Amino acid sequence: MGKVLNYYAGGNTARGFYSLYESNLEGLSRLFILKGGPGTGKSSLMKKLGKEWNEKGYDIEYLHCSSDNDSIDGLIIRSLGFGIVDGTAPHVIEPSLPGAVEEYINLGVAWDSAKLQAKKAEIEKISTEMKAAFSGAYALFGEALHVHDEWEKIYIENMDFDKANELTEKLLGDLFGDKRVNKEADVRHRYLGAATPKGAVDFVPNLTQGLAVRYLIKGRPGSGKSTMLKKIAAEAERRGFDTEVYHCGFDPHSLDMIIVRELGFAIFDSTAPHEYFPERVNDRVVDLYGTIIAPDTDDRYATEIKDVSARYKDYMNHAIASLATAKSLHDDLEQIYIDAMDYKKIDEITAELNEEIHKLAEK
């Protein structure tokens, strides 16, 4: 069996649906972009091919769907330069070298258009309600972000920035020493986790598996975790190391984790909703609250923190509920398409794609 890397490349965020697909598809020699409605078998097709080639010993990457916990939106076999991705909204993929690199695959050839036309009014109604549910979720996440900014402000105003810089410089020394490589860094942007219909989900254990050391950052909102990670990412790239940059699934402008596999380390924000505790021999805690924030901040601002925390959680819970509503509507829409599909044709398309992978493997 090869290794499996699980991550998100698209997210339901406070800034709407935010895509990082381009960064992960870059450099592939063959990319197949799947088109077709819900229930046309895109995720099942990719899972089937992924399982087969993983069992053949190839490392694979699954790009998970943030709107459906049981679906994937992409499959990459990077050693073969091969990828398949769901190219339907909201993650529309535009080819840069159509035919030479990217190919469109239309799964709509397998549906009975007459059956779908008979359900046109129902499809339109569900689609409109689903769009409204997603818009509602994004608006609520946006409100939660404003509240989170209030929360951060409390700690920013009680931070010792000189100590923060000293701590970051010490970490840079511990992580890199005098190591560097004479090549251009390969930098990939992904998400640590995602807001999904079932709440916050992450793949930290999978992503950090096999690394020599993990640094778990503990700290309050606004204590400089993302800023520290941005400096580490910039230093890794400057020194030529391939870097995996994991963004925050709530605010993609913030960072939650950096992995440099060539040096065997991961450093990540280990606070809720992706809270982890040391469980491996070489897990190390970086405590920002205890080192750079005034020690009595929690006590002095207890009332304000309790209020802002409650408002933030309320907005987040309602946003997740809207995502769950969108998922339920999507399930209804899927069933209409499932009833109109000839999956034997999808099997034929899957076999053709498998043959494409075989050609790449033979090379």
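Looking at an unreviewed UniProt entry, one finds the chain named ATPase, with Mesobacillus persicus as its source organism.

A description of helix α2 (residues 42-55) should follow, citing residues and the corresponding values.
Taking 1.5 Å of rise per residue, the 14 residues of α2 would be expected to cover 20 Å, and the 20 Å separating its terminal C-alpha atoms lies within 8% of that figure. For α2, the full list of buried residues reads Lys42, Ser43, Leu45, Met46, Leu49, Gly50, Trp53 and Asn54. Along the axis of α2, the buried residues cluster in a sector spanning 160°; they form a single face. Facing away from the buried side of α2, by more than 90 degrees, are the exposed residues Ser44, Lys48 and Lys51.

Tell me about the pattern of salt bridges, and please be specific about residues and values.
Within this structure, the stated rule accounts for 24 salt bridges. Glutamate 61 is paired through a salt bridge with arginine 78; the nearest N and O atoms lie 2.8 Å apart. On the criterion of sequence distance, the pair formed by glutamate 61 in strand β5 (residues 60-64) and arginine 78 in the loop between β6 (72-77) and β7 (82-86) is long-range, its members being 17 residues apart. The exposure class of glutamate 61 is buried, given its relative accessible area of 9%.

Quick one: what's the story with the domain arrangement of the chain, residue by residue and with numbers?
Domain parsing of the chain yields domain 1 (4-111 + 342-362) and domain 2 (159-293). The distance between the C-alpha centroids of domain 1 and domain 2 comes to 28 Å. Counting across the domain 1 and domain 2 interface gives two salt bridges. In this structure, the salt-bridge partner of arginine 190 is glutamate 61, at a minimum N-O distance of 3.6 Å. Applying the counting rule to domain 1 against domain 2 returns 14 residue pairs in polar contact (both at pLDDT 80 or more). Listed by contribution, the elements that provide at least two residues to the side of domain 1 that touches domain 2 are β1 (4-8), β2 (10-13), α1 (21-25) and β5.

Requested: an account of the packing of aromatic side chains, with residues and values cited.
Here the structure, examined in full by the defined rule, presents eleven aromatic pairs. Plain terms: the ring middles of phenylalanine 32 and phenylalanine 82 are 5.8 Å apart, the flat faces sit at 45° to each other, and that makes the pair tilted. One end of the pair, phenylalanine 32, is in strand β4 (residues 30-35); the other, phenylalanine 82, is in strand β7, with 50 residues separating them in the sequence. Among the residues examined, phenylalanine 32 registers a relative accessible area of 4% and is labelled buried. The class for phenylalanine 82 is buried, based on a relative accessible area of 0%. Judged by centre distance (5.4 Å) and plane angle (65°), the rings of tryptophan 53 and tyrosine 58 are edge-to-face. Each residue in the set Trp151, Phe250 and Tyr312 is aromatic and connected to the rest through ring pairs, giving one cluster. Positioned above the aromatic ring of tyrosine 7 is the side chain of arginine 190, whose terminal nitrogen or guanidinium carbon lies 4.1 Å from the ring centre.

Run through the environment of aspartate 202, naming residues and quoting values.
Among the structural elements, aspartate 202 can be located in strand β11 (residues 199-202). What makes aspartate 202 buried here is its relative accessible area of 19%. In this structure, the C-alpha to C-alpha distance between aspartate 202 and tyrosine 8, residues 194 residues apart in sequence, is 8.6 Å. Those residues in contact with aspartate 202 that lie beyond four places of it in its chain are Leu192, Gly193, Pro273, His274 and Tyr276. Polar contacts involving the side chain of aspartate 202 include one to the side chain of tyrosine 276, which spans 2.6 Å.

Quick one: what's the story with a negative patch on the surface, residue by residue and with numbers?
A cluster of acidic side chains, namely Asp342, Asp347, Glu348 and Glu352, defines a negative patch on the protein surface. Assignment of secondary structure puts aspartate 342 in the loop between α10 (302-338) and α11 (343-362).

Reading the values: the criteria
Residues numbered from 1 in each chain as written. Predicted model: local features only at pLDDT ≥ 70, side-chain atom pairs only at ≥ 80, totals over all residues. Heavy atoms only, no water. Helix = DSSP H or I, 4+ residues; strand = E, 2+ residues; numbered from the N terminus. Expected span 1.5 Å × (residues − 1). Buried < 20%, exposed > 50% of the residue type's maximum accessible area, 1.4 Å probe, protein only. Arc of directions from axis to C-beta. Salt bridge = Lys/Arg side-chain N within 4 Å of Asp/Glu carboxyl O. Domains from an automatic or database assignment. Polar contact = N/O pair within 3.5 Å; in protein donor to acceptor, adjacent residues only side chain to side chain. Phe/Tyr/Trp six-rings, centres within 6.5 Å; stacked < 30°, edge-to-face > 60°. Lys NZ or Arg CZ within 6 Å of the ring centre and 35° of its normal. Contact = heavy atoms within 4.5 Å. Patch = residues over 30% accessible without salt bridge, like charges linked within 9 Å, V, L, I, M, F, W, Y side chains within 5 Å. Areas by Shrake-Rupley, 256 points an atom, 1.4 Å probe, with all protein chains shown as cover. Lys, Arg positive; Asp, Glu negative; His and termini not counted. Charge placed at Lys NZ, Arg CZ, Asp CG, Glu CD.

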